[in-house]
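So you can see what is in the structure, the chains are spelled out below.
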Amino acid sequence: MDPVAMDPVTGEPETADQAEERLRRWRLVLGGGEGDGTGCELRGRDVAMDGALGALYGGGPGEGPGAGSAGGRGGRKDGASRSGGLGGSAPVVARWLGDIRRYFPTPVVQVMQRDAIDRLGLSALLLEPEMLEAVEADVHLVGTLLSLHKAMPETTKETARAVVRKVVEQLVKRLASRTRATLTGALDRSARISRPRHRDIDWDRTIRANLKNYLPEYGTVVPERLIGYGRAAQSVKKEVVLCIDQSGSMAASVVYASVFGAVLASMRSLATRLVVFDTSVVDLTDQIDDPVDVLFGTQLGGGTDINRALAYCQSRITRPAETVVVLISDLYEGGIRNEMLKRVAAMKASGVQFVTLLALSDEGAPAYDREHAAALGALGAPAFACTPDLFPEVMAAALEKRPLPIPDPTG
């Protein structure tokens, strides 16, 4: 007698419909063929879904969209090795892109697109306008386009810019308001004054500081000391230098850093400089208002000379005690390691707040040079990966010169 499967949520025995659904899902995962063990036959929409999956993850040569892919990822019965089957035809790939958008939710579509580019070498097809119009745009696609844009024909460049701008606008909408609010609060607090004008009084802090002077018979607090903050918008309070590694592995970080650069530049109380580097250094501050221009001013790939980049940034610092330098790099240094560390130590000694981000993305723990990270940590400049949602808090802490909210790497 076969054991009865149990529902993992309720702990009750599975119904017949639940068992059938479980087999269906396993069949889609395993790809069919004699060895999948499910005995499940797909019908209707599931056949098309299986074909779209099989074209990318397991169809044999000649299979895939336009080549009778209904057999799925395990359609070959001869035991031969499996490989993707999208082929080299742009119309076929465009149809496949349309299929996956029809059958799968957006996050799954984006993963499948990245896998198609990585596994099947479809980068060249992204140089065609009709292909770019068919894809689901995300940060990873932008990184791919930026690595290809030097090779793009003129007919494709405008479409590529439109795709990049769409992603940038989505990121700005997601991140800008919270970033401005968080940093405005930090700048206001860092600019507190002891004799504020009425409109500049920080009432919450003033009341808390004078609670000992509460007069119960009058039901009020008599403030002996007023606490206020300067109006951050009246003048530049702090300076920020974003120093961004544009090597190929940092693509997502470059995208997010460019967006945050534009947000910071929109705040009149901050003077923001944006510098990108590989083995050379390019100052893109004059383009910082438009992240799309910044992104197309980068050149992903090549080597890395962090020391040279930091030397340039250091030469532009005029108010070290009011400056935050944010180095965004995986720290695989191709330049002079000891000089890089001496430069960081010198900046910190002068009063600069130095922040090292190994990545600025949602991709999880990055690959990075652990020896260099440990050396920076010993200088009081700990290196850590940062998500876009955490970045405003990191910047606020740096502006206020308080401990950085470093995420727990184990959590």
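Computed from a prediction, not measured in an experiment: that's the story for all the values here.

S.K.: With reference to specific residues and values, describe the overall build of the protein.
M.R.: Broken down by element type, the protein carries 14 helices and ten strands. With 411 residues in all, the protein has 45% of them scored as buried. Of the roughly 20,200 Å² that the protein leaves accessible, carbon and sulfur atoms contribute 51%.

S.K.: Can you lay out helix H14 (residues 391-399) for me, pointing to particular residues and giving the numbers?
M.R.: With eight of nine residues buried, H14 lies mostly within the body of the structure. Among the residues of H14, Phe-391, Pro-392, Val-394, Met-395, Ala-396, Ala-397, Ala-398 and Leu-399 are the ones counted as buried. Immediately downstream of H14, the backbone of Lys-401 shows phi near 60°, a positive value.

S.K.: Please provide a residue-by-residue account of the environment of Arg-268, values included.
M.R.: Along the chain, Arg-268 falls in the loop between helix H9 (251-265) and strand E6 (270-277). Sequence spacing of Arg-268 and Lys-238 is 30 residues, and the spatial spacing of their C-alpha atoms is 9.9 Å.

S.K.: Tell me about the packing of aromatic side chains, and name the residues and values.
M.R.: Each pair of aromatic rings is reported with the distance of its centres and the angle of its planes. Taken as a whole and judged by the stated rule, the model has one aromatic pair. Ring geometry for Phe-260 and Phe-391: centres 4.4 Å apart, planes at 40°, overall tilted. One end of the pair, Phe-260, is in helix H9; the other, Phe-391, is in helix H14, with 131 residues separating them in the sequence. On the basis of relative accessibility, which here comes to 1%, the residue Phe-391 falls in the buried class. The ring of Tyr-103 carries Arg-102 above its face, with NZ or CZ at 5.7 Å from the centroid.

S.K.: Which residues make up the pattern of salt bridges, and what values do they have?
M.R.: Enumeration over the complete set of coordinates arrives at 16 salt bridges. For Asp-99, the salt bridge is made with Arg-102, and the minimal N-O distance between the two is 2.8 Å. With Asp-99 and Arg-102 both in helix H3 (residues 90-103), this residue pair falls three residues apart, about one helical turn. The salt bridge involving Asp-293 is made with Arg-161; its shortest N-O contact spans 2.7 Å. Of the two residues, Asp-293 is situated in helix H10 (residues 291-296) and Arg-161 in helix H7 (residues 154-190); the sequence distance between them amounts to 132 residues.

S.K.: Outline a nonpolar patch on the surface, supporting the account with residue identities and numerical values.
M.R.: A contiguous nonpolar patch, built from Trp-26, Val-29 and Leu-30 and spanning about 300 Å² of accessible area, is present on the exposed surface. Take Val-29: it is sitting in helix H1 (residues 16-30).

S.K.: How would you summarise the packing of helix H11 (residues 306-315) against helix H12 (residues 337-349) if you had to cite specific residues and measurements?
M.R.: Interhelical geometry of H11 versus H12 gives an angle of 25° and a closest axis separation of 9 Å. Between H11 and H12, the angle falls in the class roughly parallel. Of the two possible hands of crossing, H11 and H12 adopt the one that is left-handed. When H11 is examined against H12, the residues Ile-306, Asn-307, Leu-310, Ala-311 and Gln-314 are found in contact with a partner set consisting of Glu-339, Met-340, Arg-343, Val-344, Ala-346 and Met-347. Tallied by class, the residues present in the contact of H11 with H12 amount to seven nonpolar, two polar and two charged.

What counts and how
Residues numbered from 1 in each chain as written. Predicted model: local features only at pLDDT ≥ 70, side-chain atom pairs only at ≥ 80, totals over all residues. Heavy atoms only, no water. Helix = DSSP H or I, 4+ residues; strand = E, 2+ residues; numbered from the N terminus. Buried < 20%, exposed > 50% of the residue type's maximum accessible area, 1.4 Å probe, protein only. Areas by Shrake-Rupley, 256 points an atom, 1.4 Å probe, with all protein chains shown as cover. Phe/Tyr/Trp six-rings, centres within 6.5 Å; stacked < 30°, edge-to-face > 60°. Lys NZ or Arg CZ within 6 Å of the ring centre and 35° of its normal. Salt bridge = Lys/Arg side-chain N within 4 Å of Asp/Glu carboxyl O. Patch = residues over 30% accessible without salt bridge, like charges linked within 9 Å, V, L, I, M, F, W, Y side chains within 5 Å. Axes fitted to C-alpha atoms, helices over the stretch in contact; angles between N-to-C directions. Parallel < 35°, antiparallel > 145°, perpendicular 65-115°, else oblique. Left-handed = near helix turned anticlockwise from the far one by under 90°. Contact = heavy atoms within 4.5 Å. Nonpolar A, V, L, I, M, F, W, Y, C, P; charged D, E, K, R; others polar.

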